[in-house]
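# Structural description and commentary
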Amino acid sequence: MVTASKGADGWIPENWQPIYHNPLASPEDMAGSRLEGEGALTFPARRLRMESTLDSAEGQKANIVLWLPGSFPADMAVSWKFRPLREPGLAILFFSAGGKDGRDLFDPALPRRTGEYEQYHHGAIDAFHVSYFRRMWAEERAFHTCNLRKSYGFHLVAQGADPLPDISDMAEPYRMLVVKHGRTVSFAINGLPVFTWTDDGTSYGPLLSGGRIGFRQMAPLIAEYSDLTVYGE
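Residues numbered from 1 in each chain as written. Predicted model: local features only at pLDDT ≥ 70, side-chain atom pairs only at ≥ 80, totals over all residues. Heavy atoms only, no water.

## Considering the overall build of the protein
- A tally of regular secondary structure across the protein gives two helices and 17 strands.
- The C-alpha atoms of the protein give a radius of gyration of 16 Å, which matches the 17 Å a tight globule of 233 residues would have.
- Working note: accessible area of the protein is about 10300 Å², and carbon and sulfur atoms make up 50% of it.
- The positive charge centre, built from 23 side chains, and the negative charge centre, built from 28, are 1 Å apart in the protein. (Helix = DSSP H or I, 4+ residues; strand = E, 2+ residues; numbered from the N terminus. Rg over C-alpha atoms; globule rule 2.2 N^0.38 Å. Areas by Shrake-Rupley, 256 points an atom, 1.4 Å probe, with all protein chains shown as cover. Lys, Arg positive; Asp, Glu negative; His and termini not counted. Charge placed at Lys NZ, Arg CZ, Asp CG, Glu CD.)

Printed below as a string of structure tokens:
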């Protein structure tokens, strides 16, 4: 059994080391990334600021996904800082994302993706997606939760209380941490555990292996991302 130590990035197996770091501080840091949907990436505070360039009245067409460069192993941890600037909206991290039948996420044989959510949970990809800032609809703003879903499909597999305050009370970015270790997925904010879930590899499809990482936003949310590190063996 691998032990873990609790530090600035929460619970990470002690034998894991950083395998990728991106400060997300400038256009140069976006080399190799891919944006799906109509959006703008700017860096006014030396942090990646994402926003849609379409009116939220366009519905799902106004939403965007930014895939970071590289593919990552099945066992890994992702740590990043997040600060929302304008509500309403919703923020998601995709991880372990890959194309159906073992294809790469960017295989040209896969259908083109343009930001609409259905393309990501009932499209030609498999992935985990943790929604950690859910302020789009009235029921989400009245009762804050973080959700873990597994796709293909729209399987809600874990849920926990969201400790993030409203934007008016956010004075600084918050540290997010996803750990995928064996069959278990955990999520924490500022070192506070939010949920842990163990995949049996049957109920919601086979175990997911390695894959890509991406940020998703629902318009009209504007948010900033910074200091991303991926850990692995």
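Back to the text.
## A few points about the sheet that holds strand S7 (residues 64-67)
- Pairing within the open sheet is antiparallel, and its seven strands lie in the order S4-S7-S16-S9-S10-S11-S12. At either end of the open sheet lies a strand with only one pairing partner, and these are strand S4 (34-36) and strand S12 (155-161). Direction aside, the axes of adjacent strands within the sheet are offset by 20° on average.
- In terms of strand pairing, strand S11 (residues 145-151) meets S12 through six bridges, oriented antiparallel. Bridge assignment links Lys150 to a residue of S12, and that residue is His155. (Pairing = 2+ DSSP bridges. Axes fitted to C-alpha atoms, helices over the stretch in contact; angles between N-to-C directions.)

## Comments concerning the pairing of strand S13 (residues 174-181)
- Of all eight residues in S13, seven are buried, a share of seventy percent or more.
- As paired elements, strand S8 (residues 76-86) and S13 share seven bridges and run antiparallel to each other. Among the inter-strand pairings, Lys81 is bridged to a residue of S13, identified as Arg175.
- By the bridge criterion, six bridges tie S13 to strand S14 (residues 184-189) in an arrangement that is antiparallel. Across the sheet, Lys180 pairs through a bridge with Val185, a residue of S14.
- Where S13 hands over to S14, the hairpin turn is made up of two residues, of which Gly182 adopts a positive phi near 65°. (Buried < 20%, exposed > 50% of the residue type's maximum accessible area, 1.4 Å probe, protein only.)

## A short note on the nonpolar core
- Counting residues in each nonpolar core, the largest one holds 44 residues, and the members touching the most others are Trp80, Tyr132, Phe187 and Tyr225.
- Those residues within four positions of Tyr225 in sequence are excluded, and the remaining contacts are Leu24, Arg47, Leu48, Met50, Trp80, Lys81, Phe82, Ala91, Tyr132, Phe215, Arg216 and Gln217.
- In terms of nonpolar packing, the next biggest core, distinct from the first, is built from 14 residues, Phe94, Ala97, Leu105 and Ala127 among them. (Core = buried A, V, L, I, M, F, W, Y, C linked by side-chain atoms within 4.5 Å. Contact = heavy atoms within 4.5 Å.)

## Focus: the side chain of Asp199
- With respect to the helices, strands and loops of the structure, Asp199 is situated in the loop between strand S15 (192-198) and strand S16 (212-218).
- Polar side-chain contacts of Asp199 include one of 2.6 Å to the side chain of Lys150.
- Setting aside its immediate chain neighbours within four residues, Asp199 contacts Phe128, Lys150, Arg183, Gly205 and Leu207. (Polar contact = N/O pair within 3.5 Å; in protein donor to acceptor, adjacent residues only side chain to side chain.)

## Concerning the pattern of salt bridges
- Counted by the stated rule, this structure contains 11 salt bridges.
- For Asp107, the salt bridge goes to Arg103, with nearest N and O atoms at 3.6 Å.
- Its relative accessible area of 24% is what places Asp107 among the partly exposed residues.
- A salt bridge links Arg212 to Asp104, with the nearest nitrogen and oxygen atoms 3.2 Å apart. With a gap of 108 residues between them, Arg212 in strand S16 and Asp104 in the loop between strand S9 (90-99) and helix H1 (118-121) connect regions that are remote in the sequence.
- Exposure remark for Arg212: the relative accessible area of 14% places this residue in the buried category.
- Taking the relative accessible area as the measure of exposure, Asp104 reaches 34% and is therefore partly exposed. (Salt bridge = Lys/Arg side-chain N within 4 Å of Asp/Glu carboxyl O.)

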